[in-house]
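As a plain string of letters, each chain reads:
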Amino acid sequence: MKTYDVTALGELLIDFTENGTSGQGNPMFEANPGGAPCNVLAMLTKLGHKTAFVGKVGNDFFGKQLKDTLEEVGINSDYLKMDDEIHTTLALVHTYPDGDRDFSFYRNPGADMMLTKEEVPEELIRSSKILHYGTLSMTHEGVREATKKAIRIAEESGAILSLDPNLRPPLWNSLEDAKEQVLYGLNHCQILKISDNEIQWLTGEEDFTAGVNWIRSRYDIKLILVSMGKAGSRAYYEDLMVEVAPFLQENTIETTGAGDTFGGCILHYVAEHGLEGLTEENLTEMLTFANGAASLITTKKGALRVMPSKEEVEALIQSRK
């Protein structure tokens, strides 16, 4: 019996997002809980799924804040390790006028890099229907070994594997290293959620369908999602390609967590319907809901603690019909 719907492994950190200026004209930052894998879990938990997280934070003020946040939103934090030596990883998020972002990281090292293969909970992964992971837990050798061990256990136990490359160039020694680990991930997933700029970078193809064909000619991935920002999203499944328009918001604050919210909704659909026999109607329904949720998260600061409810997403979809 599988006890957990989705377990995710990877980074949990503090996103310092800009929040106005002080009376002296200095930029002020808000310490938002963040990290792509936990954002995905937060959306899933909001939709009623049982989730757990595997990772490491510092045994410091921010690490305790993050552990408390996981517990507050309902993600099982029993497998979150606290490092006494290395501080919690921090990211400074600079937001441009159109809501797009640039990142600076304080992670040399950061606690999320320090997870070891011995700390990977085998029983948890064996009891999970889906294992979700990214590539930030593959930037350095120790945590890379931990990630690959989790993948191996998940495959042995018949879990579905879900990958979001979540490329952050500043965190890699070189983009060649990043590409090598992304390709490893492609060889070990049945669900791939990849952004427009990531698929172009990885495959060298400007056209997304050509990029998906490049991936498919090398790897057997059942469901590929391409998130295209303001252009919506696509799903590629067997011989189907479905594209759904976005729900653009006039009051977008920032796009942090939009892709993770989208990804969480995709895993929600798969957890409920499985990966076999999906139709064009299924894929349209899946993308419409995921686009709606991603749209709503852009109207809030941060993501992990403020995921939209099913009712909010459905109300938005109805309002745009």
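Look up a bit, the structure's there.
Predicted model only: the values in this text are computed from it and were never measured. (Residues numbered from 1 in each chain as written. Predicted model: local features only at pLDDT ≥ 70, side-chain atom pairs only at ≥ 80, totals over all residues. Heavy atoms only, no water.)

Student: Would you mind showing me how to read the sheet that holds strand E2 (residues 13-21) here?
Tutor: Adjacent strands of a sheet pair through backbone hydrogen bonds, lying either parallel or antiparallel. The sheet built from 4 strands is open, its strands ordered E3-E2-E6-E7 with mixed pairing. Edge positions in the open sheet fall to strand E3 (27-34) and strand E7 (101-106), since each of these has one partner strand only. Neighbouring strand axes in the sheet, compared pairwise and without regard to direction, differ in orientation by 30° on average. The pairing of E2 with strand E6 (residues 90-95) spans 4 bridges and is classified as parallel. Bridge pairing in E6 places isoleucine 14 opposite leucine 90. (Pairing = 2+ DSSP bridges. Helix = DSSP H or I, 4+ residues; strand = E, 2+ residues; numbered from the N terminus. Axes fitted to C-alpha atoms, helices over the stretch in contact; angles between N-to-C directions.)

Student: Would you take a moment to explain the packing of aromatic side chains for this structure?
Tutor: One pair of aromatic rings is described through two measures. These are the centre distance and the angle between the planes. What the rule picks out here adds up to 3 aromatic pairs. Ring centres 5.6 Å apart and planes at 85° place the aromatic pair phenylalanine 16 and phenylalanine 62 in the edge-to-face group. With a gap of 46 residues between them, phenylalanine 16 in strand E2 and phenylalanine 62 in helix H2 (residues 61-73) connect regions that are remote in the sequence. Classification of phenylalanine 16 as buried rests on a relative accessible area of 17%. Plain terms: the ring middles of phenylalanine 103 and phenylalanine 105 are 5.8 Å apart, the flat faces sit at 10° to each other, and that makes the pair stacked. Exposure class is identical for phenylalanine 103 and phenylalanine 105. Each is buried. Put simply, the rings of Phe16, Phe61 and Phe62 pair up and form one aromatic cluster. Over the aromatic face of tyrosine 4 sits the side chain of lysine 50, whose NZ or CZ is 4.7 Å from the ring centroid. Sitting over the face of the ring of tyrosine 184, lysine 148 holds its NZ or CZ atom 4.1 Å from the ring centroid. (Phe/Tyr/Trp six-rings, centres within 6.5 Å; stacked < 30°, edge-to-face > 60°. Buried < 20%, exposed > 50% of the residue type's maximum accessible area, 1.4 Å probe, protein only. Lys NZ or Arg CZ within 6 Å of the ring centre and 35° of its normal.)

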